[in-house]
Amino acid sequence: MSSPHVLTPGSSVGAIMLTVLAALIPAIAAYYYFFGPAILISLALASVTALLAEAAMLRLRNYPLKHFLTDGSALLTAWLLALSIPPLAPWWLIVVGTAFAIVVAKHLYGGLGNNLFNPAMVGFAVLMISFPATMTQWPAPLLLSQHPVGFGEALQYTFSGALHGVKLDAVTMATPLDTLKTQLNLQHAMGEVKNMPIFGTFGGKGTEVIAAMVLIGGLFLWQRRIITWHTPVSFLVTLALVAALFNGFDPNRYASPMFHLFTGGAMLGAFFIATDYVTAPTTPSGKLIFGAGVGFLEYVIRVFGGYPDGIAFSILIMNAAVPLIDAYTQPRVFGHKPG
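A brief structural summary. Starting afresh in each chain, residues are numbered from 1 along the sequence in its written order. Totals for whole chains, interfaces and linings use every residue, but because this is a predicted model, local features are given only for residues with pLDDT of at least 70 and side-chain atom pairs only at 80 or more, for both listing and counting. Values reported for side chains reflect all heavy atoms of the structure, with hydrogen atoms and water molecules removed beforehand.

**Section: the overall build of the protein**
Phase 1: Within the protein, the secondary structure is distributed over 17 helices and two strands.
Phase 2: For the protein, whose C-alpha radius of gyration is 20 Å, the value lies close to the compact-globule estimate of 20 Å for 339 residues.
Phase 3: Oriented by its inertia axes, the alpha-carbon framework of the protein measures out at about 65 × 50 × 35 Å.
Phase 4: Throughout this description, buried means an accessible area under 20% of the type-specific maximum (1.4 Å probe, protein chains only), exposed means over 50%, and partly exposed covers the range between. The buried share among the 339 residues of the protein stands at 50%.
Phase 5: Taking contacts inside the protein between residues at least 6 apart in sequence as the whole, the part at least 24 apart equals 75%.
Phase 6: Positive and negative side-chain charges of the protein, numbering 15 and 12 respectively, have mean locations separated by a distance of 12 Å. Each helix corresponds to a stretch of at least 4 residues labelled H or I by DSSP, and each strand to a stretch of at least 2 residues labelled E; elements are numbered beginning at the N terminus. We compute the radius of gyration from the C-alpha atoms alone; for a globule the expected value is 2.2 Å times N to the 0.38, where N is the number of residues. By the convention used here, residues are in contact when the closest approach between their heavy atoms is within 4.5 Å. By the counting rule applied here, Lys and Arg register as positive and Asp and Glu as negative, while His and the ends of each chain are not counted. By convention, the point assigned to a charge is CZ for Arg, NZ for Lys, CD for Glu and CG for Asp.

Structure representation (structure tokens):
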């Protein structure tokens, strides 16, 4: 990029990452309220792992530690991954996923600014493919849990893999998306399934509030001009339109658009992951195409694929298409004829 370069206050990498981390706090608070303190342990463990892995790779590559460790990029990767995997997870699952995201998906591609794929989603995909059973053991909402897990018990389970005197199925359950897919495969009607206690007004009990808090955080990022509207709006509108099409065709087999918007990782993916500066398109029209592609693939994988939620895989697939999208959506240079 040629000069002049105009720097505005708060435009540094560290300031941007700090703002994004702050925007996640309302969702984390809602997560804590509905699912207990296990999320704090996951966030702390992922953060420590990310910083240690980042420091090790920077040392191997002879890069200055202080500058890159304090830019917040490793912490953001850690937080996004921790919010995407079950918080009541063994320590090694969090460590493996976070370390893979930082070492392989980020630094082996050249570090910040060079990675083709979103590191947090690479870490998530590796864990989902390698340890599917562990990745589906989500804690039950506190309102539904037979045995709410406190901080001490969550810490005990994270590092020992056991809860003394408590069976794991008493504190975990399938996610709303997984429950819906399983019940529909058993030929239960949508109205019957949605009456189950795990479901709330729009989506899952508790998770719909978390999604709303993510939405608020995303709107905050848009208001601060950290992100533009193109990718989130294109993503969510496409997801809603495809869901509305299938729901209108057969409401007994396909959930409503509101359910898909406020369940799973749709909001987190739309505002915090698909908008990644490095792995998303740079042009406005490219962002619209990218968001629409992620939204469409998200629905297809959710409803017809083998995984309950397809946010990670849909983003990674579209990440691979970003160079092509950018190449075909570059605006015409002033003074040059098209073609």
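So much for the structure itself; the text now carries on.
**Some remarks on the packing of aromatic side chains**
Phase 1: In this analysis, rings of Phe, Tyr and Trp, with Trp reduced to its six-membered ring, are considered paired at centre separations within 6.5 Å, and the interplanar angle assigns stacked below 30 degrees, edge-to-face beyond 60, and tilted for intermediate values. Scanning all chains against the criterion turns up eleven aromatic pairs.
Phase 2: Here the aromatic rings of tryptophan 92 and phenylalanine 131 are separated by 5.0 Å at their centres, their planes lie at 70 degrees, and the arrangement is edge-to-face. Here the residue tryptophan 92 occupies a position in helix H6 (residues 91–106), and phenylalanine 131 occupies one in the loop between helix H7 (119–130) and helix H8 (132–135), the gap between them amounting to 39 residues.
Phase 3: Residue class for tryptophan 92 comes out partly exposed when judged on its relative accessible area of 31%.
Phase 4: On the numbers, 6.3 Å between centres and 80 degrees between planes, the contact of tyrosine 109 with phenylalanine 117 is edge-to-face.
Phase 5: Judged by relative accessible area, tyrosine 109 falls into the partly exposed class, the value being 43%.
Phase 6: One cation-aromatic arrangement involves arginine 61 over tyrosine 63; the distance from NZ or CZ to the ring centre is 4.5 Å. Lysine and arginine charges are scored as sitting over a ring when NZ or CZ, respectively, is within 6 Å of the ring centre and within 35 degrees of the ring normal.

**What to know about empty space enclosed by the protein**
Phase 1: Each cavity reported here is a set of points on a 1 Å grid over the protein atoms alone in which a 1.4 Å probe fits but cannot get out, each pocket an open set with protein on both sides within 12 Å along at least five of seven lines, and each lining residue one with an atom within 4 Å of a point. Grid points are joined across faces, edges and corners, and a volume is the space filled by probe spheres set on the points. Counted according to the given criterion, the structure contains two cavities of 30 Å³ or more.
Phase 2: Forming the boundary of the largest cavity are 38 residues, of which Ser84, Trp138, Gly264, Gly265 and Asp309 lie nearest the centre.
Phase 3: If you list the elements that add at least two residues to the lining of the largest cavity, you get helix H2 (25–35), H7, strand S1 (138–139), helix H10 (176–185), helix H12 (207–223) and helix H15 (266–273).
Phase 4: Among the elements that take part in the lining of the largest cavity, H12 stands out by supplying four residues, more than any other.
Phase 5: Note that Gly is not counted as nonpolar here; it falls among the polar residues with everything else outside the nonpolar set of Ala, Val, Leu, Ile, Met, Phe, Trp, Tyr, Cys and Pro and the charged set of Asp, Glu, Lys and Arg. Residues belonging to the lining of the largest cavity are distributed by class as follows: 27 nonpolar, eight polar and three charged.

**Some thoughts on the layout of surface pockets**
Phase 1: The space that makes up the largest pocket amounts to roughly 450 Å³.
Phase 2: Taken together, 26 residues form the lining of the largest pocket, with Met17, Leu76, Leu112, Asp276 and Tyr277 sitting closest to its centre.
Phase 3: Those elements giving two or more residues to the lining of the largest pocket turn out to be helix H1 (13–23), helix H5 (73–82), H7 and H15.
Phase 4: Secondary-structure elements contributing two or more residues to the lining of the second largest pocket are H10 and helix H16 (284–304).
Phase 5: If one sorts the elements of the lining of the second largest pocket by residue count, H10 sits on top with five residues.
Phase 6: Here the residues of the lining of the second largest pocket sort into nine nonpolar, two polar and three charged.

Keep in mind these values describe shape, not function.
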